[in-house]
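Each chain, letter by letter, is given below.
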Amino acid sequence: MGEGRGAPAVVLLSGGLDSATTLALAQRDGYRVHALTVRYGQRHRIEIECASRLAAALGAEEHRIVDVDLSFVGGSALTEPDIPVPKNRPIREIETGIPATYVPARNTVLLSLALAWAEVLDSTDLFIGVNHVDYSGYPDCRPEFLESFRRLAELATRTGVEGRRITVHAPLLEHSKGEIIRLATELGIDLASTLSCYDPSPAGRPCGACDACLLRAKGFREAGLVDPVL
């Protein structure tokens, strides 16, 4: 058994490639995984169905779906239908700047929910599938954000005040998308069950042109594999 030694952990599971791989890594390392999916008003809500299938297939001990509607804040192409999802941007452009798909404070909110559940589970381990190599420039995917949240978590919780160290695990932080895809394959994840698209069809067919689709395609090319969802 890995470093988890049967300890409970809360894993944020969106239904995408990165979060599914993160969950599988937590399982591999011996944690008892409690998966948390948040329906936050995203236009690609079909990813919730993907998360449910993945949680079951990957053996999560428990999977909860909670509603925290961030569309009331607005300001993002993922929560406001009047803001178009950027399409067909060059990879160099995707990897610089903060795009219209940034959801204000999303990872702060999601990690806070995971932290609250972790306290009830007597857990000190949170997992999030953020990536700092092939990503869309989101400020809440940076390592300095994760470390700052960890410090806040220890200040804000009984767990931390009682002297227990809280860890925010981001095992994919320094991996390229190609490396993540190869790792997911090694872990036996059904990649056809993952959804990366920001603007899928009602049936869940990826658009093939949004930033997430383009980064996923780049990763499959680097991995030398064929994307099973295409």
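In the block above lies the structure referred to throughout.
What counts and how
- Residues numbered from 1 in each chain as written.
- Predicted model: local features only at pLDDT ≥ 70, side-chain atom pairs only at ≥ 80, totals over all residues.
- Heavy atoms only, no water.
- Helix = DSSP H or I, 4+ residues; strand = E, 2+ residues; numbered from the N terminus.
- Rg over C-alpha atoms; globule rule 2.2 N^0.38 Å.
- 1 Å grid on protein atoms, 1.4 Å probe; cavity = no way out; pocket = protein on both sides within 12 Å on 5 of 7 lines; lining within 4 Å.
- Points joined across faces, edges and corners; volume = space filled by probe spheres on them.
- Core = buried A, V, L, I, M, F, W, Y, C linked by side-chain atoms within 4.5 Å.
- Buried < 20%, exposed > 50% of the residue type's maximum accessible area, 1.4 Å probe, protein only.
- Contact = heavy atoms within 4.5 Å.
- Expected span 1.5 Å × (residues − 1).
- Pairing = 2+ DSSP bridges.

Considering the overall build of the protein chain
Then step 1. When you go through the protein chain residue by residue, the secondary structure sums to eight helices and five strands.
Then step 2. When the elements of the protein chain are put in sequence order from the N terminus, they spell out β-α-β-α-β-α-α-β-α-α-β-α-α.
Then step 3. Computed over C-alpha atoms, the radius of gyration of the protein chain comes to 17 Å, within 12% of the 17 Å expected from 2.2 N^0.38 for 230 residues, which places it in the range of a compact globule.
Then step 4. When the backbone C-alpha atoms are referred to their principal axes, the protein chain occupies close to 50 × 40 × 30 Å.

Things to note about the layout of surface pockets
To find leftover empty space, one rolls a probe the size of a water molecule over the atoms.
Then step 1. Considering only enclosed or pocket space, the largest pocket measures out at about 260 Å³ in volume.
Then step 2. Listing elements by their share of the lining of the largest pocket, those giving two or more residues are α2 (46-57) and α8 (211-223).

Observations regarding the nonpolar core
Then step 1. Leu111, Leu126, Ile128 and Leu146 are the most contacted members of the largest nonpolar core, which has 38 residues in total.
Then step 2. Of all the secondary structure elements, the ones that give two or more residues to this core are β1 (8-12), β2 (32-39), α2, α4 (106-120), α5 (143-156) and α8.
Then step 3. It is α4 that provides the largest number of residues to this core, a total of six residues.
Then step 4. Setting aside chain neighbours within four positions, we find leucine 146 in contact with Leu111, Ile128, Val130, Val168, Ala170 and Leu173.
Then step 5. If you look at the next biggest cluster of nonpolar residues, it comprises 27 residues, including Ala24, Tyr31, Ile180 and Leu183.

A short note on helix α1 (residues 17-28)
Then step 1. Counted at 1.5 Å a residue, the expected span for α1 with its 12 residues is 16 Å, and the 16 Å between its end C-alpha atoms agrees.
Then step 2. Of the residues making up α1, those classed as buried are Leu17, Asp18, Ser19, Ala20, Thr21, Thr22, Leu23, Ala24, Leu25 and Ala26.
Then step 3. Those residues of α1 that are buried are in contact with β1, β2, α2, β4 (125-127), α7 (177-186) and α8.
Then step 4. Just past α1, the residue glycine 30 takes up positive phi, approximately 95 degrees.

Considerations on the pairing of β2
For a regular strand, the rule is simple: side chains alternate between the two faces of the sheet.
Then step 1. The buried count for β2 comes to six of eight residues, which makes it a mostly enclosed element.
Then step 2. Two elements, β1 and β2, share five bridges in a ladder whose sense is parallel. Note that in β2 the partner of alanine 9 across the bridge is valine 33.
Then step 3. Two strands pair when backbone bridges link them, and β2 and strand β3 (residues 62-67) are joined in this way by six bridges, in the parallel orientation. Looking at β3, one finds that arginine 39 is bridged to aspartate 67.

That is the geometry; function is a separate question.
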